Amino acid sequence: MKQRIHFNEVVTRDGFQMEPEFVPTDSKVALINALSQCGYAKIEVTSFTSVKAIPMLRDAEEVMGRIERVPGVEYTVLVPNLRGAERAMESRPDEFNLVMSTSETHNLANLRMPREHSFAALRDVVARYAQQVPINVSLSACFGCPMEGDVPQAEVLRWAQRFADLGVRGLTICDTTGMAHPEQVARMCDVLQARFAHLQLTLHFHNTRGMGLANVLAAAQSGIDRFDGSLGGLGGCPYAPGASGNISSEDAIHMLDAMGYDTGIDLARLLPIARELPAIVGHTVPGQVAQSGMITDLHPAPPSVAELKKEFQ
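These numbers come from a predicted model, not from an experiment.

Here the structure, examined in full by the defined rule, presents zero disulfides. Its sulfur unpaired, cysteine 142 is 6.2 Å from the next cysteine sulfur, which belongs to cysteine 174.

Laid out in structure tokens, this is it:
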């Protein structure tokens, strides 16, 4: 058995936030309750951002208040600033996830402010709440920006170091726009682990150009043991033209399981949940394993095979 892998499910936050039709609160709660039984390390439940900015997640308080929490699963929420953090604290989250971009242009497009302004707002959250709730920082566009092009590794490390110096528990390095490739990922992971071995390091990939699972594998083989995934591959970045969604959780877990990694996930329990997702969002989803089944799912041979066996005996 290879290393233990910890999976974080982000479908009800990152996955749902771009859906055009509101997903009912009851459906969100039922989905999170079902996912809680599958062996995830974390579930990113919702976001305490402006209701006007993300109306899909306007029910954040109600969802957090109604979910059935399972011991061993951390229920994390995204908070953009002090106001969001204050709202979120009443819901008793297990972790805050803070987000900003390593690309100035992407940060302006996505968060409508320069990076230094974002850092200042997030620094205030860390200063106020780090002693009360663990804090993770997700750094977006770490492998490229569709408007600027390459984001230098040194720039990613500079921002990662600034947050590490504040005392955060973890860093998530995000391929927000699906521009990463496996060799680049391996280089980044080696440097991150050498410098930030004391932090929880998570990798977050998108499958925009079909390299999502290859990038997961490159990171795992480099020693990374935490990954974000979105059920069915839902989600995406509105500021990456043509971007498709996150990596499909079930596809990545299935791949790593087949290769001997211990993901801790009960795929037999997860796949029926994934198969219900199209009905929840009202359209097909990119995930493959939920459609085709696991490689261990065998099928009966057609009757003609038995006839041919007799013929050739």
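Alright, that's what it looks like, and here's the rest.
Here the focus is the packing of aromatic side chains. In this structure the tally under the stated criterion is five aromatic pairs. Note on phenylalanine 119 and phenylalanine 163: the rings are 5.0 Å apart at their centroids and 65° apart in plane angle, and the pair reads as edge-to-face. One end of the pair, phenylalanine 119, is in helix 6 (residues 115-129); the other, phenylalanine 163, is in helix 7 (residues 153-166), with 44 residues separating them in the sequence. The same class applies to phenylalanine 119 and to phenylalanine 163, which are both buried. What links up through ring pairs into an aromatic cluster is the set Phe119, Trp159 and Phe163. One residue, arginine 162, lies across the ring of phenylalanine 119, its end atom 4.1 Å from the ring centre.

Our focus in this paragraph is the nonpolar core. Counting 88 residues, the largest nonpolar core has Phe96, Phe205 and Phe227 as its most contacted members. Ranked by residue count, the leading element in this core is helix 11 (residues 267-281), at seven residues. Beyond its immediate stretch of four places on either side in the chain, phenylalanine 96 contacts Thr76, Val77, Val79, Ala85, Ala88, Met89, Val125, Tyr129, Val133, Pro134, Ile135 and Asn136.

Moving on: helix 8 (residues 182-195). In this model, helix 8 (14 residues) spans 20 Å end to end at C-alpha, consistent with the 20 Å of a helix rising 1.5 Å per residue. Every buried residue belonging to helix 8 is among Gln184, Val185, Met188, Cys189 and Leu192, and all of these are buried. Each buried residue of helix 8 lies within a common arc of 130° when the element is viewed along its axis, so the set occupies one face. Seen from the open side of helix 8, the exposed residues pointing more than 90 degrees away from its buried face are Glu183 and Ala194. In the core, the buried residues of helix 8 are packed alongside helix 7, strand 6 (170-174), strand 7 (200-204) and helix 9 (212-221).

Another aspect to go through is the pairing of strand 2 (residues 42-47). The buried fraction of strand 2 is high, at six of six residues. Examined bridge by bridge, strand 1 (residues 6-9) and strand 2 share two bridges and lie parallel to one another. Looking at the pairing, asparagine 8 lines up with lysine 42 of strand 2. One ladder, built from five bridges, connects strand 2 with strand 3 (residues 74-78); its direction is parallel. Note that in strand 3 the partner of threonine 46 across the bridge is valine 77. In this region the chain leaves strand 2, passes through helix 3 (residues 60-66) and returns to the parallel neighbour strand 3; the handedness of that crossover is right-handed.

Calculation rules
- Throughout, residues of each chain are indexed from 1 in the direction in which the sequence is written.
- Totals for whole chains, interfaces and linings use all residues, but because this is a predicted model, local features are given only for residues with pLDDT of at least 70 and pairs of side-chain atoms are given and counted only at 80 or more.
- Excluded from the side-chain calculations are hydrogens and water; all other atoms, namely the structure's heavy atoms, are used.
- By convention in this document, the label disulfide applies to cysteine sulfur atom pairs within 2.5 Å.
- We call Phe, Tyr and Trp rings a pair once their centres come within 6.5 Å, taking the six-membered ring for Trp, and we label the pair stacked below 30 degrees between planes, edge-to-face above 60, and tilted otherwise.
- Strands are runs of DSSP state E lasting at least two residues, helices are runs of H or I lasting at least four, and both sets are numbered from the N terminus onward.
- Here's how the labels work: a residue is buried when its accessible area is under 20% of the maximum for its type, exposed when over 50%, partly exposed in between, all with a 1.4 Å probe on protein chains only.
- Charge over a ring is defined by NZ of Lys or CZ of Arg lying within 6 Å of the ring centre and within 35 degrees of the ring normal.
- We call a set of buried Ala, Val, Leu, Ile, Met, Phe, Trp, Tyr and Cys residues a nonpolar core when their side-chain atoms join them within 4.5 Å.
- We call two residues in contact when some of their heavy atoms are within 4.5 Å.
- Expected helix span is computed as 1.5 Å times (number of residues minus one).
- Here, the arc refers to the directions that run from the helix axis to the C-beta atoms.
- By definition, two strands form a pair when at least two bridges between them are found by DSSP.
- Clockwise travel from the first strand over the helix to the second, with the strands pointing away from the viewer, marks a crossover as right-handed.

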